[in-house]
Amino acid sequence: MPYILALDQGTTSSRAILFDHDGGIHAVARKEFGQIFPKPGWVEHDPNELWASQMSVAAEALGRANLGPRDIAAVGITNQRETAIVWDRTTGQAIYNAIVWQDRRTASFCDGLKANGCEQMIQHRTGLLIDAYFSSSKIAWILDNVPKARERARAGKLAFGTVDSWLVWKLTGGRKHVTDASNASRTMLFNIHTGEWDEEILRLFDIPRSLLPEVRSSSEVYGEITTPRELEGVPVAGIAGDQQAALFGQMCLSPGLTKNTYGTGCFMLQNTGEKAVASRNRLLATIAWKIGERTEYALEGSVFSGGSVVQWVRDCLGLIRSAPEIEQLAGSVPDNGGIYLVPAFTGLGAPHWDQYARGLLIGLTRGSTAAHIARAALECIAYQVADLLDAMHADAGIKLKELRVDGGASANNLLMQFQADLLGVPVVRPAVTETTALGAAYLAGLAASYWRNSQEISAQWRAERRFEPQMTRAGAEALRERWSTALDRAKVWEPR
């Protein structure tokens, strides 16, 4: 039996994971790549390094498993979303670094759109709120700031893509310029109701239609790989943005099922079926996936700083040497000692969407210790997720029965228990926590007839541990009230 290879191109690392027919992991390879910070609030990646690191880990995973192209039924791609790359169609070279989803350089531009009354139209058509987070303003910035870029774009000489499009272009030797509906829905240029690029929004941003990829379904054969040699002839058959892929990998296939991914940021998605729910609480309506002619939607809330808070404690404060150590340090004290951390390092995401908020550590006393700060760092992740769930319940009216979790920080038992305590519902961690890559593998495998249907793969989902709420509701509400006070003090810190 052959395998499915998932290419998982994230914000801080590229990974390749081989899955067998039972959804088990056969081999994994991972490689970090550089983060580029040209100015405060600016975040970039080298597109060539993204490509090279992804191909390096693909070769490494195949080598560890002693497999070749004939052993791979299909390749699925999942990727950091919203990150924008523009490249030359002839040379295949990017004309500027990838502008990462975290980047805030276009915040004032987005403010201008809001001031001009564009927000309601854009939210209705795209499901998104106007923010520098999404791809459209990043594309416009590249066209405006790279010499002759706009002229070349109008002449049809340039191509734009989110990272999935960039990888498919490179894998197929420039033969395919495609994306899937889930990634297209994160650009703020795509009408999620018609399933087309929106011409009026394109004119608003002055982005030529010829720049954009063809939008395909999330599970189909897009083309065969020509590079690298280790994958030559293998079909690329599945694409989904990382959070939608995780929703699929968690088998949240029915309306109301909800997952939260604890990655660099935190991303909560709730399946809303074939209906795009218009949010009244500053959440996002997004395409979950398109399979065949059926498009399914999700409500999404995004927290900018999730697992990256632990990296900050490690790299900037030096309180721990490795990320897993934070659990032991935080667990050495019974509570946070009155300390609250608001990790608004690049502003606040949903449901606040305050791009001028900044990080705040408050409640310090002479008795505060490194352990209290570590605990506050973990707890702030859970508080942000609880805020998302409140907004989601207000929008969809669905009472959550359980929260399925994944991502690196979901391995932290202290954090998961605190999350269950705040929410008052069980938090369920699956046996396979690599659900982002697994979702991409499932989408590719369905297209390649490796699995017959979604019912077959649903039967593979297993829980590894359930965290039941232990805190009283009054206790949880008191903590959240104090968190809200800290949150208010962090907002609108940067001058507009």
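Look a little higher up for the structure.
Residues numbered from 1 in each chain as written. Predicted model: local features only at pLDDT ≥ 70, side-chain atom pairs only at ≥ 80, totals over all residues. Heavy atoms only, no water.

### Notes on the sheet that holds strand 23 (residues 463-467)
Consideration 1: As summarised here, the arrangement of the seven strands in space is 17-18-16-15-21-22-23, forming an open sheet in which the pairing is mixed. The open sheet has two edge strands, strand 17 (284-291) and strand 23, and neither has a second partner. Ignoring which end each strand starts from, the neighbouring axes of this sheet average 30° apart.
Consideration 2: The pairing of strand 22 (residues 427-430) with strand 23 spans four bridges and is classified as antiparallel. (Pairing = 2+ DSSP bridges. Helix = DSSP H or I, 4+ residues; strand = E, 2+ residues; numbered from the N terminus. Axes fitted to C-alpha atoms, helices over the stretch in contact; angles between N-to-C directions.)

### Examining unusual backbone geometry
Consideration 1: Between Thr227 and Pro228 the backbone carries a cis peptide bond, its omega angle lying at 10°.
Consideration 2: Topologically, Pro228 is positioned in the loop between strand 13 (219-224) and strand 14 (235-241).
Consideration 3: Each neighbour pair has its own omega, and for Ala350 with Pro351 the value is -5°, a cis peptide bond.
Consideration 4: Structurally, Pro351 can be placed in the loop between strand 19 (340-342) and strand 20 (360-362).

### A look at the pattern of salt bridges
Consideration 1: Applying the stated rule across the entire model yields 32 salt bridges.
Consideration 2: The closest approach of N and O atoms between Arg105 and Glu44, which form a salt bridge, is 2.8 Å. Taken together, the positions of Arg105 in the loop between strand 7 (98-99) and helix 2 (107-115) and Glu44 in strand 4 (residues 44-45) put the pair 61 residues apart, joining distant regions of the chain. A single burial state applies to Arg105 and to Glu44, both of which are buried.
Consideration 3: Linking Glu300 and Arg186 is a salt bridge whose minimum nitrogen-to-oxygen distance equals 3.0 Å. Separated by 114 residues along the polypeptide, Glu300 in strand 18 (residues 294-303) and Arg186 in the loop between helix 7 (181-184) and strand 10 (190-191) bring together distant segments of the chain. As far as burial versus exposure is concerned, Glu300 and Arg186 are alike and both buried.
Consideration 4: A network of salt bridges, in which partner residues are shared, links Arg81, Glu82, Arg186, Asp242 and Glu300. (Salt bridge = Lys/Arg side-chain N within 4 Å of Asp/Glu carboxyl O. Buried < 20%, exposed > 50% of the residue type's maximum accessible area, 1.4 Å probe, protein only.)

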